[in-house]
Amino acid sequence: MEESSFIKKKRLEEEVYKSEIKSANSAYYPDINLTINYSSEENSFDDWNLRGGVGFEYTICDFGKRKAEKSNAVIALKQYEAERENEIWDKKTEIRAKYEELKAYEKIVKSKKEKSAKIGEKFEITKIKYDNRYRGSDDYLKDENELQQSRIESLNSELEM
């Protein structure tokens, strides 16, 4: 959960929201313009005039617009953090559910293998009885079919897992 692409994406999105807050804070600072001009007389390379200027601009009254932009950015960040926590919780729950499902499949596979092994032992006994003519071919074929079905069920449960 710490190094997944999902979490990395969420961290980057959080950085975007934080930069929007910083951008809203920058509206409180004055705008500074620096101007530099240079010029020369016609076809004269020796006489250059260099002029510079600095301009300041600051909005004194904006009727709460800057404050509203900042508070909206803060609210958006808080909403995003809450949504992110919910999504992370959902992912963790999903991972736990898949893990429990995997454990259940593991138990099912184990029990089906044990069942198949017991049916295999039963079939071996039936085979010995059939070879000594204590059992008929119907019983032998029925037990063989049961063994094959249990092996197929065991393999299918492994594939599902």
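Scroll up a little and you will see the structure.
All values derive from a computational prediction rather than experimental measurement.

What to know about the layout of surface pockets
Piece 1. For the largest pocket, the calculated volume is near 170 Å³.
Piece 2. Lining the largest pocket are Met1, Glu2, Ile7, Lys10, Arg11, Glu14, Arg84, Glu85, Ile88 and Lys92.
Piece 3. Going through the elements one at a time, helix H1 (5-26) and helix H2 (65-131) are the ones with two or more residues in the lining of the largest pocket.
Piece 4. Here the lining of the largest pocket is composed, by residue class, of three nonpolar, no polar and seven charged.

Describing the pairing of strand S2 (residues 48-57)
Piece 1. With zero of ten residues buried, S2 lies mostly on the surface of the structure.
Piece 2. The pairing of strand S1 (residues 31-40) with S2 spans ten bridges and is classified as antiparallel. Looking at the pairing, Ser39 lines up with Asn49 of S2.

Re the packing of H2 against helix H3 (residues 137-160)
Piece 1. At a minimum axis distance of 9 Å, the contact between H2 and H3 shows a crossing angle of 160°. Put simply, H2 runs roughly antiparallel to H3. Here H2 runs over H3; the crossing is left-handed.

What about the side chain of Asp143?
Piece 1. Inspection of the secondary structure puts Asp143 in helix H3.
Piece 2. By relative accessible area, Asp143 is classed as buried at 5%.
Piece 3. A polar side-chain atom of Asp143 sits 2.5 Å from a polar atom in the side chain of Thr126.
Piece 4. Those residues in contact with Asp143 that lie beyond four places of it in its chain are Lys122, Phe123, Thr126 and Arg135.

Section: the packing of aromatic side chains
Aromatic ring pairs: the centre-centre distance and the angle between the two ring planes describe each pair.
Piece 1. A complete count under the given rule lists three aromatic pairs for this structure.
Piece 2. The interplanar angle of 35° and the centroid separation of 5.3 Å between the aromatic rings of Phe123 and Tyr140 together place this pair among those described as tilted. Of this pair, Phe123 sits in helix H2 while Tyr140 sits in helix H3, and the two are 17 residues apart along the sequence. By the burial criterion, Phe123 is buried, and Tyr140 matches it.

Topic: the pattern of salt bridges
Piece 1. In total, this model carries eleven salt bridges according to the counting rule given.
Piece 2. Residue Glu85 pairs with Arg84 through a salt bridge whose shortest N-O separation is 3.0 Å.
Piece 3. Its relative accessible area of 14% is what places Arg84 among the buried residues.
Piece 4. The partner of Glu153 in a salt bridge is Lys115, and the shortest N-O contact between them spans 3.8 Å.

So, unusual backbone geometry
Piece 1. The residue Arg133 is not glycine, and still its phi comes out positive at about 65°.
Piece 2. Tracing the sequence through the fold places Arg133 in the loop between H2 and H3.
Piece 3. Classification of Arg133 by relative accessible area gives exposed; the value is 76%.

Reading the values: the criteria
Residues numbered from 1 in each chain as written. Predicted model: local features only at pLDDT ≥ 70, side-chain atom pairs only at ≥ 80, totals over all residues. Heavy atoms only, no water. 1 Å grid on protein atoms, 1.4 Å probe; cavity = no way out; pocket = protein on both sides within 12 Å on 5 of 7 lines; lining within 4 Å. Points joined across faces, edges and corners; volume = space filled by probe spheres on them. Helix = DSSP H or I, 4+ residues; strand = E, 2+ residues; numbered from the N terminus. Nonpolar A, V, L, I, M, F, W, Y, C, P; charged D, E, K, R; others polar. Buried < 20%, exposed > 50% of the residue type's maximum accessible area, 1.4 Å probe, protein only. Pairing = 2+ DSSP bridges. Axes fitted to C-alpha atoms, helices over the stretch in contact; angles between N-to-C directions. Parallel < 35°, antiparallel > 145°, perpendicular 65-115°, else oblique. Left-handed = near helix turned anticlockwise from the far one by under 90°. Polar contact = N/O pair within 3.5 Å; in protein donor to acceptor, adjacent residues only side chain to side chain. Contact = heavy atoms within 4.5 Å. Phe/Tyr/Trp six-rings, centres within 6.5 Å; stacked < 30°, edge-to-face > 60°. Salt bridge = Lys/Arg side-chain N within 4 Å of Asp/Glu carboxyl O.

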